[in-house]
Amino acid sequence: MLSTIRTLWYVFLHMFHKRVTIQYPDEKAYLAPRYRGRIILSRDPDGGERCVACHLCAEACPVDCIALQATEDENGRRYPEFFRINFSRCIFCGFCEEACPTYAIQLTPDTEMGEYKRPNLVYEKDDLLINGEGKYPGYNFWRVSGVKIGGKDKGEAENEGPPVDVHRLLP
Amino acid sequence: MATVHVDNQRYEMDDKQNLLQACLQLKMDLPYFCWHPAMGSVGACRQCAVKQFKDESDQHGKIVMACMTPVTEGARISIQDAEAVEFRAAVIEGLMINHPHDCPVCDEGGECHLQDMTVMTGHNYRRYAFEKRTFRNQNLGPFLNHEMNRCIQCYRCVRFYREYAGGNDLNAFALRNIVFFGRDKDGVLENEFAGNLVEVCPTGVFTDKTLKQHYTRKWDLQMAPSVCVHCAVGCNITAAERYGMLRRLVNRYNGEVNGYFLCDRGRFGYEFVNSQRRIRKPLRHGQPVGLEDARAGLRKLAAGGAIGIGSPRASLESNFALRSLVGADYFFAGIPGREAALLKLMLEILGNGPAPAASLREIEHSDAVLVLGEDVTNVAPRMALSLRQAVRQQPMEIAERLRIPLWMDHAVREAVQDEKGPLFIAAASATRLDDVAAATFRGAPDDIARLGFAVAQALDPAAPGPEDLPGQTRELAARIAAALKGAKRPLIVSGPSLGSAAIIQAAANVAWALAGAHLAFTAAEANSMGLAMMEAPALDAAQAATAETAIIVENDLYRRLPAAEVDQLLARFGHVVVLDHLENATTAKAELLIPAATFAEGEGTLMSSEGRLQRFFAALSPTEPVEPSWRLLGGWNTLDEIIRALAEAMPQLAAVREAAPAASFRMEAAKIPRQPHRYSGRTSMLANISVHEPKPPQDADSPLSFSMEGNPKQPPGALQPFFWTPGWNSYQAVNKFQEEIAGRLEAGDPGVPMFASGGGGHAFFNAIPAAFEARAGEWLLAPLFHIYGSEELSREAPAVAELGPQPYVALNPEDAAQFGDEVELMGQRFRVSRIAELPRGVAGIPAGVPPFAGLELPAWSKIQPIQ
Ligand code: SF4
Ligand code: SF4
Ligand code: SF4
Ligand code: SF4
Ligand code: FES
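Note that the coordinates shown come from a computational prediction; the quantities given were computed from them, not determined experimentally.

K.L.:
What am I meant to see in the overall build of chain B here?
P.N.:
The helix and strand tally for chain B stands at 25 helices and 37 strands. Against the compact-globule benchmark of 29 Å for 867 residues, chain B has a radius of gyration of 28 Å, which places it among compact chains. Considering chain B as a whole, with its 867 residues, one finds that 65% of them fall into the buried category. Long-range pairs, those at least 24 residues apart, make up 74% of the contacts in chain B with a sequence separation of at least 6.

Given below as structure tokens:
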């Protein structure tokens, strides 16, 4: 009896509290930049595709909704030939972002992706690739990696010495 | 056996082993790099450090390299000891100092031994922030990619390439922290086993270049246990698929057959499966028809009276299905009469003679070898790698006398120096094993046979021998006989390559004249022996057969007989039906052409030249309308049904049932998954077509499933799709599946050997040919084999094709003196290749290379100068 009255009293007090419900979609909630919504693929500071098609995001994905195929350009730079995320399966866990060694795949605070038809939730690389660096500016995997690509020869990555002359026999 | 304490636990270990091997055999995790189960220890990487204690009271102990320390009675070691753990972490940190930040774009990633060992030792944070040394890479040809920055200087590559496989164009250059592993300049790696560096190198320095063109991580591959179809050795392979395409092959360990290594034809020949020239739709008169329509047409034509022409590259099941469809009397073996007779002779020798057939393991352990008439490296490549090890058997006794354990590789090699065991090679020309041979003999086929007969007679005077042998040859025969007699495990290698029954008979005589000798035959194709076991008449007999229709299964007759003869043969039939994988001259003649599954899309059983029945399973999920021939030919719904019928109809092949467990086999009520449990993209790979994931294809033909679900425990050897255990993602995981390191698989080595124990007695053969005599203006055309180019299917793989020869006519330089750079043969011009090792009067032509593919060799032919 007593507890019922107390509960009623609390409910009554709530009438004077600030409201948290907002009039979505006229009004929008603030979602922090690290909120886990729609996934994008970003570009490196030089404007190149950041994804190097390592397949780690696909591997990490608990619902297996990422599929891609690696390929290489004529200079040895690896990138995804296709990159597909089936958002009708995605649970926005962010594991892919965590697994990505290049900061290519990122979750964004955009959650407005409702569709009437499921196939419209299948995003290809064209739909995923944005024109910027996203949340992690400045990183370019190829500047760190030892692989030679167009515009970056052996020995030109960060902290790399020039290629050794293997015929040299000086100690 | 010795009792050893590891971390205060008692274990029994084999005292012929080192501690590393013994620990791994007990399924413990101990990191290593330079030790290799087939190559022993050199102690180069310092990764396998453990603590060894003097006795129970010793608290300090000392750090030793497990791979360099023999197992001794009462030894006490610790893997977990803090100092040992720290030591190993320090070693790997040192190895990683110059390592590039490459894993995401490294083809080794996900199956990298270096990754595994780094995780195992717990080194996960880079402290070194200074300059890394870098290297330039080399172009090593179409098979291997080179990325030298990733090297950790374990020396496995050069040890395998130079010491194990006998190559000499890969080496270590420079010194201290800039040691470089490569060639002196860019160029194709010459050794036929270079592809094994993909698995031998523990890092991503050497990776598969063909895989790179359609790269897929190991965890994303759908894999099936399979058998190489590019020669008759029958190496076991893992065939791997992704997105409906065959992506690569890797070695599948079989202790009795290929062990850890494949040849490059086998490893890189797979791309014929993805060829543009694959037949993907049934065609009637060149117009696409439905599969049901095509099958109905096939049935109707068969009912109207048909002959069937089988094939040595089709499975036993496919050949049997054809035989059942047309009737045993109308089934022909699809190989020319001469080859059929030679195969029959070999079966007779293995089945009824006292000498058993040698598996590759037995070949490797032979201590005296006579090769009669075979260029083993180019005909049965993997066997040549085993012969190369056999040469080390006798000299290893030196090491044994010095009490050097045999796994201590460099000490053994130091002790042995250039000492070689007896290997004698009698062949028509130079072979790639000549560098390790004690003596070589070059001769025309008849002269090779005569040498063989002379050896047999020298061993056992009851055996017939040739008269009037030149003194030198007689001396050689006596020398060979003495070497074979002095051996504990002598081996005779021979085969049908030179088209000579006398050579095979001579080889049998030698083996039978020796007590305890093994025989190893080669054969041309993956199922040559199996086809011969079916005892069907040869292709020549089909020329007399009358029927309305000819049904040809997986066979390009234009590679069997001269074109004119095939034209004539096919013209006898109102209808020609062909089932095959690739477009060829025969499929061009087909009224009805039906696509047949390759080894990657279907299943079946092959019999290797050793007489081993081995089953292969589909790696690709079934894709209409490509089906295995045996199913297309009708009558059976599942593989087990046809196998049962086959075993009943042909008692000589009854053992085919035991080649692998039946489809009803389950591991604790579950199927065996073809996909690793980390397989990715399941709900996305087909989402562009439909968002409703299809049910995985059901496999009624095998206990394997086309999914990642199933029992992950170790299945029987014949069903093992890939090797993986927690923490061991690279191929090195195979250690955990063996009864004994480099020994038998715990669940049994795949395959049923039919001739492993010799038969009863057999009288010596006595048809000794007369000595070869050169003719004026005419040459004996003899086939010269090429690992890349002579075999029909691998020829279609671009990487292999790139290394194949252009047609030529090879002559002894003295014979060639009368010609210019070109000659005329069969009305065509050919380049002359001068080969000093070729006997005079013999002309070598590349076997299986058009336009020579259909010639029955050897044969006499005129060679004319260009007018
Ligand atoms: S993890 Fe990153 S780099 Fe790797 S495939 Fe995914 S998005 Fe690309
Ligand atoms: S060799 Fe192994 S550790 Fe090195 S980059 Fe390649 S995958 Fe990574
Ligand atoms: S290339 Fe590979 S096998 Fe050779 S030394 Fe380097 S890491 Fe070892
Ligand atoms: S030796 Fe023959 S069976 Fe073995 S891998 Fe080479 S081609 Fe294939
Ligand atoms: S494995 Fe023992 S030192 Fe390399």
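The discussion continues.
K.L.:
Would you explain the overall build of chain A in this entry?
P.N.:
On a plain count of helices and strands, chain A comes out with five helices and six strands. Sequence-ordered secondary structure for chain A, helices as α and strands as β, is α-β-α-β-β-α-β-β-α-α-β. A compact globule built from 171 residues would reach a C-alpha radius of gyration of about 16 Å, whereas chain A, at 24 Å, exceeds it by more than 25%. Taken along its principal axes, the extent of the C-alpha atoms in chain A is 95 × 40 × 30 Å. Taken across its 171 residues, chain A has 37% of its residues classed as buried. Look at the contacts in chain A between residues 6 or more apart in sequence, and 68% of them connect residues 24 or more apart. By element, 55% of the accessible surface of chain A is carried by carbon and sulfur atoms, the whole surface being about 10400 Å². Averaging the locations of the 22 positively and 25 negatively charged side chains of chain A gives two centres separated by 7 Å.

K.L.:
Is there a simple way to explain the site of ligand 4 in this structure?
P.N.:
Taken together, C228(B), H230(B), C231(B), V233(B), G234(B), C235(B), C263(B), R265(B), G266(B), P381(B) and R382(B) make up the full set of residues adjacent to ligand 4. Looking at the shell around ligand 4, its residues break down into six nonpolar, three polar and two charged.

K.L.:
How should I be thinking about the packing of aromatic side chains in this particular structure?
P.N.:
Two aromatic rings, taken as a pair, are described by how far apart their centres are and by the angle between their planes. Residues and elements named next belong to chain B. By the definition in use, this model includes 29 aromatic pairs over all chains. With 4.9 Å between their ring centres and 90° between their planes, Y155 and F181 make a pair best called edge-to-face. You can see Y155 sitting in the loop between β7 (144-146) and α4 (156-164) and its partner F181 sitting in strand β9 (residues 180-182), a full 26 residues away along the chain. Residue F181 is classed as buried on the basis of its relative accessible area of 1%.

K.L.:
What am I meant to see in the interface of chain B and chain A here?
P.N.:
Size of an interface: often given as the accessible area lost when the parts come together. Contact residues are listed per partner, giving 49 residues for chain B and 48 residues for chain A. The three residues of chain B that bury the most area against chain A are V105(B), T134(B) and V691(B), which together make up 16% of that side's buried surface. Of the charged contacts, one joins R678(B) and E59(A) as a salt bridge, the two residues approaching to 3.9 Å between their closest N and O atoms. On the surface where chain B and chain A come into contact, there are 29 residue pairs in polar contact (both at pLDDT 80 or more). Across the side of chain B that touches chain A, the residue classes tally to 20 nonpolar, twelve polar and 17 charged.

K.L.:
I tried to follow the pattern of salt bridges on my own but got confused; where do I start?
P.N.:
When the charged atoms of two side chains lie near each other, side chains of opposite charge can form a pair. Residues and elements named next belong to chain B. Going through the model one piece at a time under the given rule, you end up with 59 salt bridges over all chains. Salt-bridge contacts for D81 lead to K51; the nearest nitrogen and oxygen are separated by 3.0 Å. On the criterion of sequence distance, the pair formed by D81 in the loop between β5 (76-78) and α2 (82-95) and K51 in strand β3 (residues 49-53) is long-range, its members being 30 residues apart. A relative accessible area of 18% places D81 in the buried class.

K.L.:
Help me understand the sheet that holds strand β3 (residues 78-86) of chain A, please; the structure alone is not making it clear to me.
P.N.:
Within a sheet, neighbouring strands are paired by backbone hydrogen bonds and run either parallel or antiparallel to one another. Residues and elements named next belong to chain A. Spatially, β2-β3-β5 is the arrangement adopted by the three strands of the open sheet, whose pairing is antiparallel. The sheet terminates laterally at β2 (66-72) and β5 (122-123), the two strands that pair on one side only. Here two bridges tie β3 to β5, and the two strands are oriented antiparallel to one another. Pairing of I85 across the sheet is with Y123, part of β5.

K.L.:
How do you make sense of the nonpolar core when you look at a structure like this?
P.N.:
A general trend in soluble globular proteins is that nonpolar side chains are found buried together. Residue and element names in this part refer to chain B. Ranked by size, the top nonpolar core spans 102 residues in total, and within it V455, L484 and I551 carry the most contacts. Beyond its immediate stretch of four places on either side in the chain, V455 contacts L370, A477, I480, A481, L484 and V510. Counting 84 residues, the second-largest nonpolar core is a separate cluster that includes I152, Y161, F173 and A733.

K.L.:
Whenever I open this one, empty space enclosed by the protein confuses me. Can you help?
P.N.:
Empty space among the atoms becomes apparent when a probe as large as a water molecule is rolled across them. Residue and element names in this part refer to chain B. Summed over all chains, the structure comprises 13 cavities of 30 Å³ or more. When its volume is computed, the largest cavity comes out at roughly 680 Å³. If you trace the largest cavity, you find 32 residues lining it, with E339, A524, E525, F785 and A847 closest to the centre. Where the lining of the largest cavity is concerned, the elements lending two or more residues are α10 (337-352), α12 (376-379) and β35 (842-846). Ranked by residues supplied to the lining of the largest cavity, first place goes to α10 with three residues. The volume enclosed by the second largest cavity comes to roughly 260 Å³. Lining the second largest cavity are 22 residues, with E111, E199, R248, V250 and Y731 positioned closest to its centre. Breaking the lining of the second largest cavity down by element, the ones donating at least two residues are α5 (197-200), β10 (206-208) and β13 (245-251). Ranked by residues supplied to the lining of the second largest cavity, first place goes to β13 with three residues. Each residue belonging to the lining of the second largest cavity can be placed in one class, and the counts come to nine nonpolar, six polar and seven charged.

What counts and how
Residues numbered from 1 in each chain as written. Chains lettered and ligands numbered in written order. Predicted model: local features only at pLDDT ≥ 70, side-chain atom pairs only at ≥ 80, totals over all residues. Heavy atoms only, no water. Helix = DSSP H or I, 4+ residues; strand = E, 2+ residues; numbered from the N terminus. Rg over C-alpha atoms; globule rule 2.2 N^0.38 Å. Buried < 20%, exposed > 50% of the residue type's maximum accessible area, 1.4 Å probe, protein only. Contact = heavy atoms within 4.5 Å. Areas by Shrake-Rupley, 256 points an atom, 1.4 Å probe, with all protein chains shown as cover. Lys, Arg positive; Asp, Glu negative; His and termini not counted. Charge placed at Lys NZ, Arg CZ, Asp CG, Glu CD. Near = heavy atom within 4 Å. Nonpolar A, V, L, I, M, F, W, Y, C, P; charged D, E, K, R; others polar. Phe/Tyr/Trp six-rings, centres within 6.5 Å; stacked < 30°, edge-to-face > 60°. Buried area = accessible area lost by both parts, 1.4 Å probe. Salt bridge = Lys/Arg side-chain N within 4 Å of Asp/Glu carboxyl O. Polar contact = N/O pair within 3.5 Å; in protein donor to acceptor, adjacent residues only side chain to side chain. Pairing = 2+ DSSP bridges. Core = buried A, V, L, I, M, F, W, Y, C linked by side-chain atoms within 4.5 Å. 1 Å grid on protein atoms, 1.4 Å probe; cavity = no way out; pocket = protein on both sides within 12 Å on 5 of 7 lines; lining within 4 Å. Points joined across faces, edges and corners; volume = space filled by probe spheres on them.

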